[in-house]
Amino acid sequence: MTLSLEQLSARMRQGEDVPLSDTARIALALSIPSILEQLVVTAMEYIDAAMVGHIGAEATAAIGIVSSSTWLLHGILVGLYTAFSIQIAQYLGADRRQDARGVLRQSMLFNLILGLGAAAFGVGISRFLPGWLGADISLQADASAYFAIWSAALPFTMAMGMYAAMLRATGDALTPSLISVLVCVLDVVFNFFLINPTRQILLFGQSVTVWGAGLEVPGAALGTALSTTIGGLLALGVLLLRDGPLCIRKPGSWRITSACLRNLWRVGTPLAAERAALSSAQVLLVRIVSGLGTVAIAANSLGVSAEGLCYMAGYGIQDASIALIGQAVGAHRRDMAKRFAWLCTVMGIGIMALSGAGLWLFAPALMGIFTADAAVIALGAQVLRIEAFAEPMFGASIVASGAMQGAGDSTGCFVLNLFSMWGVRLTLAFLLAPRLGLVGVWAAMCIELCIRGTLFLIRLARGKWLDKGALQ
């Protein structure tokens with residue numbers, strides 16, 4: 001019988017020596033639904049890219065131009081709400097349930113304030129953003145509309161991510177994954193009607209008129225926004241209505257506490273800065289790629305979406321590692337925190353090595369899902385096969401960083417990622433792009449990810465990431 005995370009936490013607090021087989025089973029029990037959730041998120045991106053990609057390379061390029069900016073804005077918010085989920089995991093590990101519920105209440109207030117602020121900011125700059133990024137004039141209208149609609153849904157996007165992370169911190173990885181599956185299905189349905197115009201289709205041998213809004217690129221953004229809104233409301237509803245350690249129907253204060261603010265500053269600020277550094281570097285990379293032509297822009301955008309099938313499994317294991325190590329640190333069990341860190345990291349390396357092999361073998365087929373443009377498929381497959389060699393070390397960096405974040409060492413993650421992305425990837429891409437085009441940009445990416453994985457493994461082995469101690 002597999003231990004629940006709550007049972008494991010109680011045994012850790014009592015100082016029991018939990019067998020490796022039990023820790024491995026609970027790591028898998030948390031990782032598998034989280035991997036499913038991440039794969040569903042990637043599938044949703046695939047759906048958008050495929051449905052838009054068959055309109056033409058220009059439609060794909062319009063989304064590709066602003067995609068790095070969506071990563072930047074969303075990434076900052078992810079860093080902040082991850083800090084809340086880390087606090088909850090550590091408080092639950094220390095059996096401080098009232099404090100955990102207090103953090104949940106405060107996170108709801110932050111979600112409302114920050115989500116609305118981010119939405120207003122994104123909509124405000126959407127008109128000018130494609131021009132700032134060097135987009136061709138023919139792409140700017142669609143790119144602006146896509147970014148504005150995507151930004152408007154940010155409060156609900158943030159709610160879905162935040163409350164899903166908190167459910168995982170309690171050991172419930174299944175509910176967030178089921179919500180993600182529903183969101184993906186809804187995205188398909190919304191896109192089907194919003195992207196395409198009214199048309200005739202064959203259904204059981206009969207010609208049937210199917211209504212369509214014919215919005216094309218803006219329709220893809222609207223479909224994603226509507227489905228994510230429903231997902232965010234569902235995740236919030238689960239936390240409001242269900243029983244459990246985070247049941248907020250129990251009496252408690254909604255006051256924002258100094259302890260939560262200090263923890264948010266200590267953990268959330270470096271996480272947000274890390275996401276901003278990584279995503280802003282991606283913005284500069286898109287700026288480099290935008291000078292290589294429409295085919296390169298489309299191949300780069302679709303290649304990033306295709307690669308997501310590989311590394312999303314790593315992020316699923318990272319989610320599990322944050323919950324596991326957060327609870328171990330809260331229970332003051334450094335030995336268990338180290339065990340979970342290495343167990344999850346080895347899992348991440350192994351699964352991403354397998355997915356990297358699949359990426360190399362099926363690169364042309366993956367690109368063919370998104371577009372029928374032969375030039376885009378050929379270039380995209382070429383760069384994907386370069387990237388495939390970096391996947392195991394990318395997995396190491398993803399999961400090891402999650403382990404360090406769960407222990408509260410978000411500053412160490414920020415420093416390593418900042419050096420790797422800005423010192424290595426951008427420098428190499430700037431030097432190689434004029435000579436090798438998009439191939440040079442992705443070669444720089446491959447080299448940088450291998451260096452990043454090595455740096456994280458060294459820090460994990462040294463153990464200084466555990467010196468931060470439990471949050472207040």
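Just so we're clear, the structure is a prediction, and the values are computed from it rather than from any experiment. (Residues numbered from 1 in each chain as written. Predicted model: local features only at pLDDT ≥ 70, side-chain atom pairs only at ≥ 80, totals over all residues. Heavy atoms only, no water.)

**Let's talk about the overall build of the protein**
1) Next: For the protein, the helix and strand inventory stands at 16 helices and 2 strands.
2) Next: The C-alpha radius of gyration of the protein comes to 22 Å, within 12% of the 23 Å expected for a compact globule of 472 residues.
3) Next: Its C-alpha atoms put the protein at 65 × 45 × 45 Å along the principal axes.
4) Next: Buried positions account for 57% of the 472 residues belonging to the protein.
5) Next: A separation of at least 24 residues holds for 82% of the contacts in the protein among residues at least 6 apart in sequence. (Helix = DSSP H or I, 4+ residues; strand = E, 2+ residues; numbered from the N terminus. Rg over C-alpha atoms; globule rule 2.2 N^0.38 Å. Buried < 20%, exposed > 50% of the residue type's maximum accessible area, 1.4 Å probe, protein only. Contact = heavy atoms within 4.5 Å.)

**Here we look at helix H14 (residues 391-406)**
1) Next: With 16 residues, H14 should cover 22 Å at 1.5 Å per step; its first-to-last C-alpha distance of 23 Å lies within 8% of that length.
2) Next: For H14, a buried count of 14 out of 16 residues is recorded, marking the element as mostly surrounded by other parts of the structure.
3) Next: Among the residues trailing H14, Gly 408 stands out with phi positive, at a value near 90°. (Expected span 1.5 Å × (residues − 1).)

**Focus: the pattern of salt bridges**
1) Next: Per the counting criterion, the structure on display carries 14 salt bridges.
2) Next: The partner of Asp 335 in a salt bridge is Arg 333, with the nearest N and O atoms 3.0 Å apart.
3) Next: For Asp 335, a relative accessible area of 43% puts it in the partly exposed group. (Salt bridge = Lys/Arg side-chain N within 4 Å of Asp/Glu carboxyl O.)

**Here's the deal with the packing of aromatic side chains**
1) Next: Per the stated rule, a full pass over the model turns up 4 aromatic pairs.
2) Next: Here Phe 128 and Trp 132 contribute two aromatic rings whose centre-to-centre distance is 6.0 Å and whose plane-to-plane angle is 20°, an arrangement assigned as stacked.
3) Next: Overall, Phe 128 belongs to the partly exposed group, its relative accessible area being 42%.
4) Next: Judged by its relative accessible area of 53%, Trp 132 falls in the exposed class.
5) Next: Considering the side-chain rings of Phe 192 and Phe 193, the 5.1 Å spacing of their centres and the 85° angle between planes classify their relative orientation as edge-to-face.
6) Next: Among the residues examined, Phe 193 registers a relative accessible area of 32% and is labelled partly exposed.
7) Next: Over the ring of Trp 254 we find Arg 105; its NZ or CZ atom is 5.9 Å from the centre of that ring.
8) Next: The ring of Trp 360 is capped by Arg 385, whose NZ or CZ atom sits 4.8 Å from the centre of that ring. (Phe/Tyr/Trp six-rings, centres within 6.5 Å; stacked < 30°, edge-to-face > 60°. Lys NZ or Arg CZ within 6 Å of the ring centre and 35° of its normal.)

**Some remarks on the nonpolar core**
1) Next: Formed by 106 residues in total, the largest nonpolar core has its most connected members in Ile 88, Leu 104, Tyr 163 and Leu 438.
2) Next: Top element by residues in this core is helix H3 (residues 57-93). It accounts for 18 residues.
3) Next: Counting 35 residues, the second-largest nonpolar core is a separate cluster that includes Leu 8, Ile 26, Met 336 and Ala 341. (Core = buried A, V, L, I, M, F, W, Y, C linked by side-chain atoms within 4.5 Å.)

**Topic: empty space enclosed by the protein**
1) Next: Within the structure shown, the criterion is met by 3 cavities of 30 Å³ or more.
2) Next: Put simply, the second largest cavity is a space of about 90 Å³.
3) Next: Along the walls of the second largest cavity sit Gly 64, Ser 67, Trp 71, Gln 282, Leu 285, Val 286, Val 289, Asn 300, Val 304, Val 441 and Met 445, which together make up its complete lining.
4) Next: Breaking the lining of the second largest cavity down by element, the ones donating at least two residues are H3, helix H10 (258-290), helix H11 (294-330) and helix H16 (438-462).
5) Next: When residues in the lining of the second largest cavity are grouped by element, the largest group, 4 residues, is from H10.
6) Next: Each of domain 1 (28-256) and domain 2 (270-471) accounts for three or more of the residues forming the lining of the second largest cavity. (1 Å grid on protein atoms, 1.4 Å probe; cavity = no way out; pocket = protein on both sides within 12 Å on 5 of 7 lines; lining within 4 Å. Points joined across faces, edges and corners; volume = space filled by probe spheres on them. Domains from an automatic or database assignment.)

**Observations regarding the packing of helix H4 (residues 97-125) against helix H7 (residues 154-169)**
1) Next: Close contact between H4 and H7 brings their axes to 8 Å; oriented N to C, the two are set at 150°. Comparing the axis directions of H4 and H7 gives the class roughly antiparallel. Here H4 runs over H7; the crossing is right-handed. Judged by residue contacts, Leu 104, Ser 107, Met 108, Phe 110, Asn 111, Leu 114, Gly 115, Leu 116, Ala 118 and Ala 119 of H4 engage Leu 154, Pro 155, Met 158, Ala 159, Met 162, Tyr 163 and Met 166 from H7. (Axes fitted to C-alpha atoms, helices over the stretch in contact; angles between N-to-C directions. Parallel < 35°, antiparallel > 145°, perpendicular 65-115°, else oblique. Left-handed = near helix turned anticlockwise from the far one by under 90°.)

**So, the packing of H3 against H10**
1) Next: Contact geometry for H3 and H10: axes closest at 8 Å, N-to-C directions at 160°. Looking at the two axes, H3 sits roughly antiparallel to H10. Judged by the twist between their axes, the crossing of H3 over H10 is right-handed.
2) Next: Looking at the contact of H3 with H10 residue by residue, the classes come out as 18 nonpolar, 13 polar and 1 charged. (Nonpolar A, V, L, I, M, F, W, Y, C, P; charged D, E, K, R; others polar.)

**Some details on H7**
1) Next: For H7, built from 16 residues, the straight-helix expectation of 22 Å at 1.5 Å per residue is met to within 8% by its first-to-last C-alpha distance of 22 Å.
2) Next: Within H7, 15 of the 16 residues are buried, leaving the element largely enclosed by the surrounding structure.
3) Next: Of the residues trailing H7, Gly 171 is marked for its positive phi of about 100°.

**Focus: the domain arrangement of the protein**
1) Next: Here the domain parsing of the protein yields domain 1 (28-256) and domain 2 (270-471).
2) Next: Summarising the inter-unit geometry, the C-alpha centres of domain 1 and domain 2 are found 21 Å apart.
3) Next: With 42 residues of domain 1 at the interface, the matching set in domain 2 holds 50 residues.
4) Next: Between domain 1 and domain 2, the buried area comes to about 4000 Å², and carbon and sulfur atoms account for 70% of it.
5) Next: Here Asp 319 ties to Arg 168 by a salt bridge, and the two come within 3.7 Å at their closest N and O atoms.
6) Next: At the junction of domain 1 with domain 2, the criterion picks out 2 residue pairs in polar contact (both at pLDDT 80 or more).
7) Next: At the level of secondary structure, the elements contributing two or more residues to the side of domain 1 that touches domain 2 comprise helix H2 (20-53), H3 and H7.
8) Next: At 22 residues, the largest contribution of residues to the side of domain 1 that touches domain 2 is made by H3.
9) Next: Class assignment for the residues of the side of domain 1 that touches domain 2 results in 23 nonpolar, 17 polar and 2 charged. (Buried area = accessible area lost by both parts, 1.4 Å probe. Polar contact = N/O pair within 3.5 Å; in protein donor to acceptor, adjacent residues only side chain to side chain.)

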